[in-house]
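The chain contents come next:
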Amino acid sequence: MRRRTLGGKVFRAMLWVAFGLFFLFPLYAMADFSTRNLISGGRTMQAWQNLIADEALYQSIVISLLLAGFTVVAMLLVLVPTMIWVRLRTPWAKGMVEFLCLLPLTIPALVIVVGLRNVYLWVTYFLGESALTLTFVYVVLVLPFAYRAIDAALAAIDLKTLAEAARSLGAGWATTILRVVVPNIWSGILSAAFISIAVVLGEYTIASLSGYQTLQVQIVQIGKTDGPTSVAASLAVLLFGFVLLLVLSLLTRGRRRATVENVVQPGVAA
Amino acid sequence: MKRSLLAVSAASVLVLAGLIACAPPEKKSEGEKTQSGVNASEAKSAADFGGMDALVEAAKREGELNVIALPPDWANYGAIIKAFSDKYGIKVNSAQPDAASQDEINAANQQKGKSTAPDVFDLGQSVALANTAMFAPYTVATWDDIPAAYKDPNGAWVNDYGGYMSIGFDSSKVPPVTGVDDLLKPEYKGKVALNGDPTQAGSAFSGVLMVALSQGGSADDIAPGVDFFRKLKAAGAFLPVDPTPATIESGQTPVVIDWNYLNAAVTAKLPSWQVVVPPNAVVAGYYYQAINKDAPHPAAARLWQEFLYGDQGQNLLAAGGVRPVRADQMLQAGTIDKAVVNKIPVIDGPVTVPSPDQTEKATKYLADNWAGAIG
Amino acid sequence: MLRRLRDALPLLPFLAVVVIFLIIPTVTVIVSAFFADGAFSLARIEALFSGTALAALWKSVLLSASTALIGAFLGAVLAWLIVSSPPTSMVRRAVISLCSVLAQFGGVALAFAFLATIGLNGVLTLWVQQVFGWNLAGSGWLYSLTGLILVYTYFQIPLMVIVFVPALEGLREQWREAAVSLGASTWRYWREVAVPLLTPAFLGSALLLFANAFAAYATAAALVSQGSPILPLLIRAALTSEVVLGQSGFAYALALEMIIVVAVVMVAYNALVRRTARWLR
């Protein structure tokens, strides 16, 4: 055990307080600002009520939540079978799949949206004009996070034996994946899902420059006229993301050793 | 082995890229055919529909109208939208009330072919003249009442209303403003806001032009205006925030450079708000009304034009403190609402209205220099 | 060969999604930067050297570099604080979760957080006004480059924490004990063992922070509505007002510039990270 001097402890405590203030004060300010009546002073919950009362804002919340759900489902449907297949049947493709999954780290979302116009002309031609067509691009955006999470989970189980056993007992591929492998990598799937939800809810770049009205786009538009409501919505999103990730870290108990090649994406939501 | 696989995949990617790079086939909009067989989206006047009643019928069949960037307090648009909706039973979808002129064009481009695309535009001069290719020509019933200077000969656009650029200020928060030069005084530190970015919004463009005039510039030379804003920024007076009724009421933007009718609308809500038009720098600006060539509701769009330029529409506009484009003719004919006629501002002295060429030159100058001046 | 292709068939959905929505847009950008109106031309690339574009690039580099340095130093300190607390404590989990949210998903929300704090009607502004009589919000500095530096730091520090904590965790206690048993003081341990080991990770993380700030868009877009001081905002202007800016397709050249800068930085980051991973796994 390292000896902790009193001076060291005090120093540490002071640093904690300083960082705590820096990070928590703006969150407190958001809560205060969003409940303040700007014109006549005093408190009002109008801004928070607007989350449901304001038609445009409410619609955008619904769309964003739907988008998050669709993205998670699409990502799992595309990624999980692919990664299982690569591990089992085409190990020579592992390098390429990993490279493709981590490529979104190097290509900023802003660049993707600039080049996306022609592609989306086709997408709207076939699939219509709803904001839900953003699902495909969002799947690409969350690939790095999801890949890491699912890869770690797959590496921790003996996939080959499990699959062989299931197949030799007569299970088809669908049953093998759904009923044998998935329950064993559940923590990885949850991790991928929660992080994807947080990314989609916070995504602004692609939605705004493509002209879709998702939650973040609506928050910025409302922010021009109604400060408290947009601050309330922002705080709600931050808290929701925080709770999601906290629950996730509690569910995947035990210290997962994250590696230095960490999963961060330049310019996703920031 | 691996290399050839790589080559094959690379080749297929390029081929695919080439294919995707071509745009998909345009969805042919099956517009309504009118009685005379003319496609509704190409109708150039009510006659093409077979008369005003047929136009009303066609519009009612469409049932909806998409408008954009029309705040309820701007030139009384709130009342106009309601009157139109009540008279014809057509649902009006008002999107992005706080958008700038450029945002209207962007929305039309981004949502081309969708049912949510804007049907009609109300644009500032610089943005309007730069995008005439997107307008569908249409001549309203009262076309001849409008002076030639305020309309495009082919009917692509028509001026709808105009006003003068002014400085509005909250007399309870700052000392009275008598001219543009006052704004450099220390009492106005951190308090002066401009309505929008002059490369995107008509009101901001005219605001910079007004400031240019007060500093010795002219409609041909907007540079003194940009320089003045550079000085404002250096003095810490310029507030890079878009003023809206909400920011004005909450005291965030105590001094606003904006159209006189918008500032007048604020006075109705905030009695301490005063408006001054600088005596030696009067800039008048008209807004441009146009129909989207790819409007999802072409008949309703044309009916909206007819409504705006009819007597009822022009009177409603005048109630918003603007000078409607048919004001002169209506004053002579006596069709203007007496109660409202007093609201039309009287201006003595020279008024500057920039010509399209001057606007283009100024816009180019702004595009090159504005960001550097206030960045 | 044929068998490999047949085996790879189930990978098709994944490949299709990635190719259509990632590869093709990127290729479009790179190719379109060199083509104007269908013919090969360097006109768009030349526009990158105009006054406005160079100024935006310079300000972006300035913003990214300054927030990367500040974020790296402060983030390393915070990471050290976190690592010295017990591994499974609630505080640690909560802090790491908060860092994740702020670093990666909070662009627009952060802009509004600072508006609520030191904006014109912000909580801190009003409080300081009442108590000290100073006007913190002043001339709206929050909406210009200085403001951006402050808000960017707010998500750079948590990002540094997320990336640097694993590196700190890799510093094994045994090494410290070995050094002590050989007679080294704490100071000497840090200077000759820990710091050289951590330097590649620190530099690599700083590079990552740079790339992150350079490519960041949402925060700036939410805060700044007048002018385009930095590169991402210039891309926004180029995308939304082609006619007024007079240069069609300018956005492609700007996006190409962004890819190049970010790619170079990320390659350097990966090289440094590989060096670190050797020691700290």
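Cut-offs used in this document
- Residues numbered from 1 in each chain as written.
- Chains lettered and ligands numbered in written order.
- Predicted model: local features only at pLDDT ≥ 70, side-chain atom pairs only at ≥ 80, totals over all residues.
- Helix = DSSP H or I, 4+ residues; strand = E, 2+ residues; numbered from the N terminus.
- Buried ≥ 20, exposed ≤ 12 C-beta atoms within 10 Å, placed from the backbone.
- Contact = placed C-beta atoms within 7 Å.
- Core = buried A, V, L, I, M, F, W, Y, C linked by C-beta atoms within 7 Å.
- Domains from an automatic or database assignment.
- Pairing = 2+ DSSP bridges.
- Nonpolar A, V, L, I, M, F, W, Y, C, P; charged D, E, K, R; others polar.
- Right-handed = clockwise from strand over helix to strand, strands pointing away.
- Expected span 1.5 Å × (residues − 1).
- Arc of directions from axis to C-beta.
- pLDDT = per-residue confidence, 0-100.
- Axes fitted to C-alpha atoms, helices over the stretch in contact; angles between N-to-C directions.
- Parallel < 35°, antiparallel > 145°, perpendicular 65-115°, else oblique.
- Left-handed = near helix turned anticlockwise from the far one by under 90°.

S.K.: Describe the overall build of chain C, with residues and values.
M.R.: Helix and strand counts for chain C come out as 14 helices and 2 strands. Taken over the C-alpha atoms alone, chain C extends approximately 75 × 70 × 35 Å along its principal axes. Taking all 281 residues of chain C together, 52% fall into the buried category. Taking all contacts inside chain C whose residues are at least 6 apart in sequence as the whole, residues at least 24 apart take part in 74%.

S.K.: Describe in detail the overall build of chain A, supporting the description with residues and values.
M.R.: The helix and strand tally for chain A stands at 13 helices and 0 strands. What you see in chain A, going N to C, is helices and strands ordered as α-α-α-α-α-α-α-α-α-α-α-α-α. C-alpha atoms of chain A, sized along the principal axes, occupy 75 × 65 × 30 Å. Buried positions account for 47% of the 270 residues belonging to chain A.

S.K.: For the nonpolar core, give the residues involved together with the corresponding values.
M.R.: By size, the foremost hydrophobic cluster in this structure holds 293 residues, and its most contacted members are Ile150 of chain A together with Leu254 and Ala255 of chain C. Considering every element that reaches this core, the biggest residue donor is helix α14 (residues 250-280) of chain C, with 16 residues. Both domain 1 (49-162 + 285-341) and domain 2 (163-282 + 354-374) of chain B contribute no fewer than three residues apiece to this core.

S.K.: Could you give an account of the pairing of strand β5 (residues 158-170) of chain B, with specific residues and numbers?
M.R.: Residues and elements named next belong to chain B. Across the 13 residues of β5, 12 count as buried, placing the element largely inside the fold. Note that β5 and strand β9 (residues 284-292) share 5 bridges and pair antiparallel. Looking at the pairing, Tyr164 lines up with Ala284 of β9. Two elements, β5 and strand β10 (residues 323-324), share 2 bridges in a ladder whose sense is antiparallel. By the bridge assignment for β10, Gly162 is matched with Arg323. Pairing between β5 and strand β7 (residues 255-259): 5 bridges, direction antiparallel. Paired with Ile167 across the bridge in β7 is Ile257. Where β5 lies against strand β8 (residues 273-276), 4 bridges are found, and the strand directions are antiparallel. Within the sheet, the bridge partner assigned to Phe169 lies in β8 and is Gln274.

S.K.: Would you mind going over the interface of chain A and chain C in detail, with residue names and values included?
M.R.: At the junction of the two partners, chain A supplies 77 residues and chain C supplies 78 residues. For the side of chain A that touches chain C, the class distribution of residues is 53 nonpolar, 19 polar and 5 charged.

S.K.: Go over the environment of Val182 of chain A, please, and point to the residues and values.
M.R.: Residues and elements named next belong to chain A. Looking at the element boundaries, Val182 is found in helix α9 (residues 173-184). Spatially, the C-alpha atom of Val182 lies 31 Å from that of Ile206, the residues being 24 residues apart in sequence. Here Val182 is in contact with Ile177 and Ile189, once residues within four sequence places are set aside.

S.K.: Give a description of the pairing of strand β2 (residues 91-95) of chain B that names residues and reports values.
M.R.: All names here are of chain B. In this structure, strand β1 (residues 64-68) lies alongside β2, joined through 5 bridges in parallel fashion. Counterpart to Glu64 in the pairing with β2 is Lys91. What joins β1 to β2 is helix α4 (residues 77-88), and the crossover it makes is right-handed.

S.K.: Quick one: what's the story with unusual backbone geometry, residue by residue and with numbers?
M.R.: Residue and element names in this part refer to chain B. Even without a glycine there, the phi angle at Ala69 is positive, about 60°. Tracing the backbone through its elements, the reader meets Ala69 in the loop between β1 and α4. Given 23 C-beta atoms within 10 Å, Ala69 falls into the buried group. At Ala75, a residue that is not glycine, the phi angle is positive and equals roughly 50°. Relative to the elements of secondary structure, Ala75 occurs in the loop between β1 and α4. Overall, the presence of 27 C-beta atoms within 10 Å leaves Ala75 in the buried class.

S.K.: Go over α4 of chain B, please, and point to the residues and values.
M.R.: Residues and elements named next belong to chain B. Compared with the 16 Å implied by 1.5 Å per residue over 12 residues, the 16 Å span of α4 between its first and last C-alpha is a close match. Every buried residue belonging to α4 is among Tyr77, Ile80 and Phe84, and all of these are buried. On an axial view of α4, the arc spanned by its buried residues comes to 55°, and they lie on one face. In the core, the buried residues of α4 are packed alongside β2, α11 (298-309) and α12 (311-319). Two residues or fewer after α4 comes Gly89, characterised by a positive phi angle close to 70°.

S.K.: Hey, could you go over the confidence of the model for chain A for me, with residue numbers and the actual values?
M.R.: Residues and elements named next belong to chain A. Across chain A, the average pLDDT comes to 84, with 91% of residues at 70 or higher. The lowest-confidence element of chain A is helix α6 (residues 117-127), averaging 79 in pLDDT; the highest-confidence one is helix α3 (residues 55-88), averaging 92. Contacts from residues 255-270, a stretch scored under 50 in pLDDT, to residues over four places away or in other chains number 63 contacts.

S.K.: Break down the packing of helix α12 (residues 215-223) of chain A against helix α13 (residues 227-251) of chain A for me, citing the residues and quoting the values.
M.R.: All names here are of chain A. With their axes 7 Å apart at the nearest point, α12 and α13 run at an angle of 155° to one another. The pairing of α12 with α13 is recorded here as roughly antiparallel in orientation. Where α12 crosses over α13, the handedness of that crossing is left-handed. Across the interface between the two elements, Leu215, Ile219, Ile222 and Gly223 from α12 touch Gly227, Thr229, Ser230, Ala233, Ser234 and Val237 from α13.

S.K.: Tell me what's going on with the packing of helix α8 (residues 159-168) of chain A against α9 of chain A, and back it up with residues and numbers.
M.R.: Residues and elements named next belong to chain A. In contact at an axis separation of 10 Å, α8 and α9 are set at 150° when each is read in the N-to-C sense. Considered as vectors, α8 and α9 are oriented roughly antiparallel to each other. Crossing geometry of α8 relative to α9 is assigned as right-handed. On α9, the residues that touch Leu159, Leu162, Ala163, Ala166 and Arg167 of α8 are Thr176, Val180, Val181 and Asn184. When its residues are assigned to classes, the contact of α8 with α9 shows 6 nonpolar, 2 polar and 1 charged.

S.K.: So, helix α6 (residues 107-118) of chain C: which residues are in play, and what are the values?
M.R.: A rise of 1.5 Å per residue sets the reference length of α6 of chain C, with its 12 residues, at 16 Å; its end C-alpha atoms lie 17 Å apart and thus fit the reference within 8%. Looking at α6 of chain C, one finds that the buried residues are Gly107, Val108, Ala109, Leu110, Ala111, Phe112, Ala113, Phe114, Leu115, Ala116, Thr117 and Ile118 of chain C.

S.K.: Any details on the environment of Trp186 of chain A? Residues and values, ideally.
M.R.: You can see Trp186 of chain A is positioned in helix α10 (residues 186-202). As a C-alpha pair, Trp186 of chain A and Leu244 of chain A span 58 residues in sequence and 16 Å in three-dimensional space.

S.K.: Talk me through the confidence of the model for chain C; I want residue IDs and the actual numbers.
M.R.: Residue and element names in this part refer to chain C. For chain C, the mean per-residue pLDDT works out to 84, and 93% of the residues sit at or above 70. Confidence, expressed as mean pLDDT per element, reaches its minimum in chain C at helix α13 (residues 242-245) with 47 and its maximum at helix α4 (residues 51-83) with 91. Our summary of model confidence lists the complex with pTM equal to 0.82 and ipTM equal to 0.82.

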